[in-house]
Amino acid sequence: MTHIDAGAELDPVHPVALPAAPSTGLTGAQVAERVARGQVNDVPVRSSRSLGEIVRANVFTRFNAIIGVLWLVMLFVAPIQDSLFGFVILANTGIGIVQEWRAKQTLDSLAVIGESRPTVRRDGNATEVATNEIVLDDLIEIGPGDKIVVDGVCAEADGLEIDESLLTGEADPVVKRRGDQVMSGSFVVAGGGAFQATKVGREAYAAQLAEEASRFTLVHSELRSGISTILKYVTWMMVPAAIGLVVTQLVVKNNDLKDAVARTVGGIVPMVPEGLVLLTSVAFAIGVIRLGRKQCLVQELPAIEGLARVDTVCLDKTGTLTEGGMDVTGLRSLDGADERYVRKVLGALGESDPRPNASLQAIIDAYPDSDEWRCVESLPFSSARKYSGAAFSEGDGEASTWLLGAPDVLLGADDPALAETARLNEQGLRVLLLARATRDLDDPEPARGARPTALVVLEQRLRPDAADTLRYFAEQNVRAKVISGDNAVSVGAVAAKLGLSGSTVDARRLPADRRGMADALDEGTVFGRVTPQQKRDMVGALQAHGHTVAMTGDGVNDVLALKDADIGVSMGSGSEATRAVAQIVLLNNSFSTLPSVVAEGRRVIGNITRVATLFLVKTVYSVLLAVLVVCWQVEYPFLPRHLTLLSTLTIGVPAFFLALAPNKERARPHFVRRVMRYSVPGGVVAGVATFVTYLLARHYYTGPGALDAETSAATLTLFLISMWVLAIIARPYTWWRVALVAAMGAAFLFVLVVPALQSFFALKLVGVAMPWTAVAVAVVAAATLELLWKWVDRRFAA
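A brief look at the structure comes next. Note that the structure is predicted; figures quoted are calculated from it, not measured.

### Structural notes on the pairing of strand E17 (residues 503–506)
In the sheet, E17 pairs with strand E18 (residues 524–528) via four bridges, with the strands oriented parallel. Note on E18: the bridge partner recorded for Thr504 is Val526. Note on the crossover from E17 through helix H17 (residues 514–523) to E18: the handedness is right-handed.

In C-alpha cells:
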C-alpha cells in the first residue's frame, strides 16, 4: 500500500496514490488548521442574483436608457408635468428591484432548508456538516443517492458505483475501488464507501457548473423570449417613426422650439412598452414568493411557467404516489424452507447493508439481526440489477450466499412461485424473493441457478394527497403516466387504488425504437419494470411526439429522466442527486403542492398575455399617430403629460392588478402571435379614431388656444377607446375587475372637473359639439374593436 502526506497533489488523470488520512478522519485541530489556511469548500451556493445584479438588470435596460435621455431633455425644456413619465419609470424600476429582492430572500432561505449536508468523519465520529464547511483532506462518507460535492480519491469502497453522466454524458455507472478518483458533480447509484477531499472550493471540477446551475434565472422561457421578440419589433418601428416625428415637429412646422421638443418627446415616449418587462419580472417574482410559502423551492424561475405548459406528467411511484416507508405484511416460505431460518437470513441481510433502501428498512424493522452471522461479502442493490446480495459465515461455521430482489428477475419464466407473486401484485402488494445463490457474488451472473427460498410481502403506504392531485391533473387535461421500476401489476394496482385508470404495461416489452415507444406511451398509463435508461428514453419519446413533459421522482434511478424532462420535480426528502438536477423541489415532500405550481404558472402566463396586449395596443397607436402626423405634417396632438395620464389610468395601474390576479386558464403556445393578433387591430383602431377626432377639432377650433382644445378632444377620444380596450381585457368580470375599470374612469373624470388638475394636465374641453363628437367617434371605434376582436377569436381559435 502506498501512503501520501495529507494534502498531497494527485494526478487528475491517473490517480494511483491512496489517502493517508486514518479511517477516523481529521482531528478538530487539523480542521481548524485548514480553515485558517483557507482550505475550505467556500464556493457560494447562490439560488438568486446578487443585489447588485438585480439593480443593474432593472436599471440598465435599453428602454430605460431611451426614456432617461428623453426625461433629461424634458426637465430642461418643459414644465414638470411633462416630465412625469420619468418619475413613473423610477417607480416601476424601484418596484421591480424590491419584488425581485424579496423573491431572492425567499429563494435563499428555502435553498438553505433544501441544501445537502454531507456526512464527514472527524475524530472518529460521523457528523453532518454544511457543504461549505468541508475542508481539504476531510473523509466524506457516501451512499446511494449522495452527490459527490468535492473532488477526491476513494478511501473505502463497498460495491461502490458512481454515475458520472452529468459530467461525461456516459449513462453507465462506473465501479470505484480504493484509490480511484471521484469527481464533484457525480453521484452514487449503488454501494457505499468514503473518499478523501483533494480539491475543495473553486478548484473542484464541477464547482463553477454547480454554482451556475443553482442560480435563480430568467432564461429559457417562451414568455420572456416572446417579450424580447416583441421589443425587437418595437425598436424597428420606433426608429423611423421617431425620426419622421422629429423632422416634422422641428423643421416642417417651424414651431416654438420648446413646444416642438415637448410634442416630439410626447410622440416617442408612449411607443416604449417599458412596463411590460417590469410586470413580467414582478409576476414571476411574486410567484416565487407565493410558492415559497408552500415550501416549494423553484430553482429555475421559468419552471413556474414550464409546468403550466406541461401536458404529460410522468410520476415515479415510490416517494411520489407512495410514502417512503413500507411494512412487511407476510412471509411465504418456498420448497419447505424453515421459517425461523429464513428470518435469520433476512435479519442478516438487513444488517449487511449500511445504507438500506425503503424495502430493506422494512425487513430490518420486522426481522432484527441476531448477531450470530458475519457478512463476508456484499452486493449492494442497484436499479439496473433489481436485486442485492450478501455472503455469510453462519454461527455454526457454515457459509451461504443469498440474493434478495425482484421475483420476475431472479426466477425463471415457468417457476410456480411467479403465480403466487402475480396474485399478490394484483392486490397492490410488493413482493421480494429471497433466493440462495449457487454462484459467488463477483460472478458475472450471480443470480443464475439461484434457488427460491421465500417470498417477502410488503405493503406500501399511499400518500393521502395523491388521489386528489391525480384528479386535478385529469380535470386540467394533463395526462399522468406512472413509471416505476417495480412489478407492473403491483404498480397498476396502486394506481387503481388512487383512481388512475388505463392499461398497465411491462416496460421490458416496450419497443426499442423511439416512434414505437412513443405510440405505446400514448396508449398506456402505468409502466412497470422500467430501467433508469428506459425512463430517460420514455421522456425523450414523449417529447419527440410534441408533448411537454414533467417528471417527478426522489430516487437515484430518476436522475437521468429528471435531467432530460422539460420540468424536473424532486421531493425534498429525495436523494441529493435528484434535488441537484430538478428545477422544482417540494421541500415538504407533498405531491399536492404540484397543483399550486401549475396554478402559479397559469396565472403568470395568462395575466402577462392580457397585460401585454394592453401595452402593445399603446405602442401600435403611438407609432401609427406618429406616422399620420408626419404624413399630414401637423403638430403632434399630445404633450407627454397627456399620455402619462392615459397610460397610468388605462394601462399602468390596471395592468399591475391584472398581472397578479388569479387566473386558471390553461397555458397556450405562440405567445407573440396571440398577443399581436389583438394588439395590432386594437392599436390601429385607437390610432385612426384619435387622429380623426384631432383633424375634426383642427377644423372646428380657431384662434388662440385652439391647439390646447384640439389636444383635449383627441385625449378624450383616446381615453375612451383605451378604457374600452381595458374593459375587454378585464373579462370575465368579477366585482373587483368592474370596480377597477370604474375607478380608472372616475379618476379621469375627476381630472376633467377639478380646475387645478385641468390646468396641471392642460386638459379643458371647450364647447359642447366637439367633446360630444369625440365621444361619438370613440363609440364607433369601440364597436369596431368589439367586432374585430370577435372575428379574430373565430378566425384564430386557439
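After that view, the rundown keeps rolling.
### Comments concerning the environment of Val766
By the element assignment, Val766 lies in the loop between helix H26 (755–761) and helix H27 (769–795). Under the relative-accessibility criterion, Val766 is labelled partly exposed at 38%. Between the C-alpha atom of Val766 and that of Tyr701, which follows or precedes it by 65 residues, the distance is 9.0 Å. Each residue touching Val766, except ones within four places of it in the same chain, is listed here: Tyr701, Ala709 and Pro771.

### Here's the deal with unusual backbone geometry
Between Arg731 and the following residue, Pro732, the backbone shows a cis peptide bond with an omega angle of -5°. In this fold, Pro732 is placed in the loop between helix H24 (706–729) and helix H25 (735–753). In this model, Asp137 sits at a positive phi of 75°, which is unusual for a non-glycine residue. The residue Asp137 is located in the loop between strand E2 (125–128) and strand E3 (139–142) in this model. Judged by its relative accessible area of 4%, Asp137 falls in the buried class. Despite not being glycine, Asn477 shows a phi value in the positive range, around 60°. If you trace the backbone, Asn477 turns up in the loop between helix H15 (466–475) and strand E16 (479–483).

### As for helix H10 (residues 302–309)
For an α-helix, the turn length of 3.6 residues means that residues three or four places apart are oriented alike. With respect to burial, H10 is a largely interior element, eight of its eight residues being buried. Taken residue by residue, H10 has Pro302, Ala303, Ile304, Glu305, Gly306, Leu307, Ala308 and Arg309 as its buried positions.

### Comments concerning the packing of aromatic side chains
Throughout the structure, instances matching the rule amount to 14 aromatic pairs. Where Trp71 meets Phe87, the ring centres are 5.2 Å apart and the plane angle is 80°; that geometry is what we call edge-to-face. With Trp71 in helix H3 (residues 62–77) and Phe87 in helix H4 (residues 84–114), this pair connects stretches of sequence that are 16 residues apart. Its relative accessible area of 39% is what places Phe87 among the partly exposed residues. Ring plane angle 15° and centroid distance 3.8 Å describe the contact between Phe719 and Phe748, whose orientation is recorded as stacked.

### Here we look at the nonpolar core
Phe85, Ile608, Val611, Leu614, Phe671 and Phe748 are the most contacted members of the largest nonpolar core, which has 87 residues in total. In terms of residue count, helix H21 (residues 594–632) provides more of this core than any other element does, 14 residues in total. In contact with Val611, other than residues within four places in its own chain, are Leu279, Ala655, Leu658 and Ala659. In this structure, Ile304, Val482, Val526 and Ala550 belong to the second largest nonpolar core, which totals 38 residues.

### Some points on the packing of H15 against H21
Between H15 and H21, the least distance of the axes is 10 Å, while the angle of their chain directions is 30°. In this view, H15 runs roughly parallel relative to H21, as classed from their interaxial angle. Contacts from Thr469, Tyr472 and Phe473 of H15 reach H21 at Leu594, Pro595, Val598 and Ala599. Considered class by class, the residues forming the contact of H15 with H21 number six nonpolar, one polar and no charged.

### Remarks on the pattern of salt bridges
Per the stated rule, a full pass over the model turns up 24 salt bridges. Here Arg121 and Glu156 are joined by a salt bridge, their closest N and O atoms 2.8 Å apart. Of this pair, Arg121 sits in strand E1 (residues 119–122) while Glu156 sits in strand E4 (residues 151–163), and the two are 35 residues apart along the sequence. Overall, Arg121 belongs to the buried group, its relative accessible area being 12%. With a closest N to O distance of 2.9 Å, Arg508 and Asp506 form a salt bridge. Residues participating in the shared-partner salt-bridge network are Asp408, Asp506, Arg508, Arg509 and Arg529.

### Some words on the side chain of Ser359
Positionally, Ser359 belongs in helix H12 (residues 358–366). Not counting residues within four places of it along the chain, the set of residues in contact with Ser359 comprises Met326, Arg430, Leu432 and Leu458.

### A look at the side chain of Thr453
You can see Thr453 is positioned in strand E15 (residues 451–462). Within the structure, Thr453 has its side chain in polar contact with the backbone oxygen of Arg451 (distance 3.3 Å). Ignoring sequence-local partners within four residues, the contact set of Thr453 consists of Arg332, Ser333, Leu334, Ala337, Val342, Trp402, Leu434, Ala435 and Arg436.

### Some details on the sheet that holds strand E20 (residues 567–571)
Sheet architecture is open: eight strands sit in the order E8-E21-E20-E19-E9-E16-E18-E17, paired in mixed fashion. Of all strands in the sheet, those bounded by a partner on one side alone are strand E8 (296–298) and E17. Neighbouring strand axes in the sheet, compared pairwise and without regard to direction, differ in orientation by 20° on average. The pairing of E8 with strand E21 (residues 584–586) spans three bridges and is antiparallel.

### Thoughts on the environment of Ala541
Considering the arrangement of structural elements, one finds Ala541 in helix H18 (residues 532–544). Counting along the chain gives 20 residues from Ala541 to Leu521, while the straight-line C-alpha distance between them is 8.3 Å.

About the cut-offs
Residues numbered from 1 in each chain as written. Predicted model: local features only at pLDDT ≥ 70, side-chain atom pairs only at ≥ 80, totals over all residues. Heavy atoms only, no water. Pairing = 2+ DSSP bridges. Helix = DSSP H or I, 4+ residues; strand = E, 2+ residues; numbered from the N terminus. Right-handed = clockwise from strand over helix to strand, strands pointing away. Buried < 20%, exposed > 50% of the residue type's maximum accessible area, 1.4 Å probe, protein only. Contact = heavy atoms within 4.5 Å. Phe/Tyr/Trp six-rings, centres within 6.5 Å; stacked < 30°, edge-to-face > 60°. Core = buried A, V, L, I, M, F, W, Y, C linked by side-chain atoms within 4.5 Å. Axes fitted to C-alpha atoms, helices over the stretch in contact; angles between N-to-C directions. Parallel < 35°, antiparallel > 145°, perpendicular 65-115°, else oblique. Nonpolar A, V, L, I, M, F, W, Y, C, P; charged D, E, K, R; others polar. Salt bridge = Lys/Arg side-chain N within 4 Å of Asp/Glu carboxyl O. Polar contact = N/O pair within 3.5 Å; in protein donor to acceptor, adjacent residues only side chain to side chain.

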